[in-house]
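# Structure assessment
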Amino acid sequence: GIPLLYGSTGEIITEKSGNLNLGIPGVMYVGGISGVIGSFIYERSLTDPSAANPVLIILIPMLCCLAGSLLMGLLYCFLTVTLRANQNVTGLAITTFGVGFGNFFGASIVKLTKSEIPSVALTNTSQFFTKSLPFADKCGWLGKVFLSYGFMTYLAIIIALVSAYVLKRTRVGLQLRAVGESPATADAAGINVTKYKYFATCIGSMIAGLGGLYYAVSYTHLTLP
């Protein structure tokens, strides 16, 4: 459910601005493959796999993931907000593009490994992303049920709670909801409608992209078909 939590949280933020982004699956796909590409390049650059920097091995795939999904969000906004293209058609096109993008570069990585099995296993990255909390083993069944997951599981819950608070309890959330519910009224009140649509859609896409990265590095342990 964690990839779905990332995706739905990102889409909720996007929809609050009045944008219906049906391209979220494509955004998640691009975010996931971007993170895998960054991780693959970093691991290939290591002469000694055991000497991987714990900070870099986490930051590189996450930053690549955020960059890839941000570009997808900007593309969606440019087409729908600036050029006023149909949101449904644009979203479906982005989904198709994202899946094709992921399949193309995923297959390219497999060719670079020259593996007989059509998959990529980034073992070091997977170990860091799936590592459970250090005190989970000491908490008995409670630790096994609630604390034995990678940090991205808890990050998804934190992002969802923070997003709910911002949307319901802050001035930014109020203005964002105003933009989505009545753009003309928000514009008359001095709110920059275009800026809020771009901001919300890009943030939502980045959050959704993390869901794709989570699926690649934690859920499937970085085995890419």
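Higher on the page you've got the structure.
The biggest cluster of nonpolar side chains holds 28 residues, and the ones touching the most others in it are Y6, M152, L210 and L213. Elements with a contribution of two residues or more to this core: α1 (2-16), α2 (24-44), α3 (54-82), α7 (151-169), α8 (171-181) and α10 (193-219). Looking at this core, the element that brings in the most residues is α10, giving nine residues. If we ignore the near neighbours within four places in the chain, the residues touching Y6 are M152, L155, A156, I159, I207, A208, L210, G211 and Y214. Core analysis: the second largest hydrophobic core is formed by five residues, V27, M72, Y76 and I94 among them.

Quick look at α7 now. Each α-helix winds once per 3.6 residues, and so residues spaced three or four apart point in a common direction. Taking 1.5 Å of rise per residue, the 19 residues of α7 would be expected to cover 27 Å, and the 26 Å separating its terminal C-alpha atoms lies within 8% of that figure. Every buried residue of α7 is listed here: M152, T153, Y154, A156, I159, S163 and L167.

Glancing now at the side chain of T201. Within the secondary structure layout, T201 lies in helix α10. Those residues within four positions of T201 in sequence are excluded, and the remaining contacts are T14, S17, N19, G73, Y76 and C77.

A word on unusual backbone geometry. Here the phi dihedral of R84 falls at roughly 60°; this positive angle occurs in a residue that is not glycine. Summarising the element assignment, R84 is placed in the loop between α3 and α4 (87-113).

This part takes up the packing of aromatic side chains. Overall, the coordinates contain four aromatic pairs when judged by the stated rule. On the basis of an interplanar angle of 40° and a centroid distance of 6.0 Å, the ring pair of F97 and F101 is categorised as tilted. Of this pair, F97 and F101 both sit in helix α4, separated by four residues, roughly a single helical turn. Taking the centre distance of 5.1 Å and the plane angle of 90° together, the rings of F104 and F105 count as edge-to-face. Overall, F105 belongs to the partly exposed group, its relative accessible area being 30%. Grouped by ring-pair contacts, the aromatic residues F97, F101, F104 and F105 constitute a single cluster.

Criteria and thresholds
- Residues numbered from 1 in each chain as written.
- Predicted model: local features only at pLDDT ≥ 70, side-chain atom pairs only at ≥ 80, totals over all residues.
- Heavy atoms only, no water.
- Core = buried A, V, L, I, M, F, W, Y, C linked by side-chain atoms within 4.5 Å.
- Buried < 20%, exposed > 50% of the residue type's maximum accessible area, 1.4 Å probe, protein only.
- Helix = DSSP H or I, 4+ residues; strand = E, 2+ residues; numbered from the N terminus.
- Contact = heavy atoms within 4.5 Å.
- Expected span 1.5 Å × (residues − 1).
- Phe/Tyr/Trp six-rings, centres within 6.5 Å; stacked < 30°, edge-to-face > 60°.

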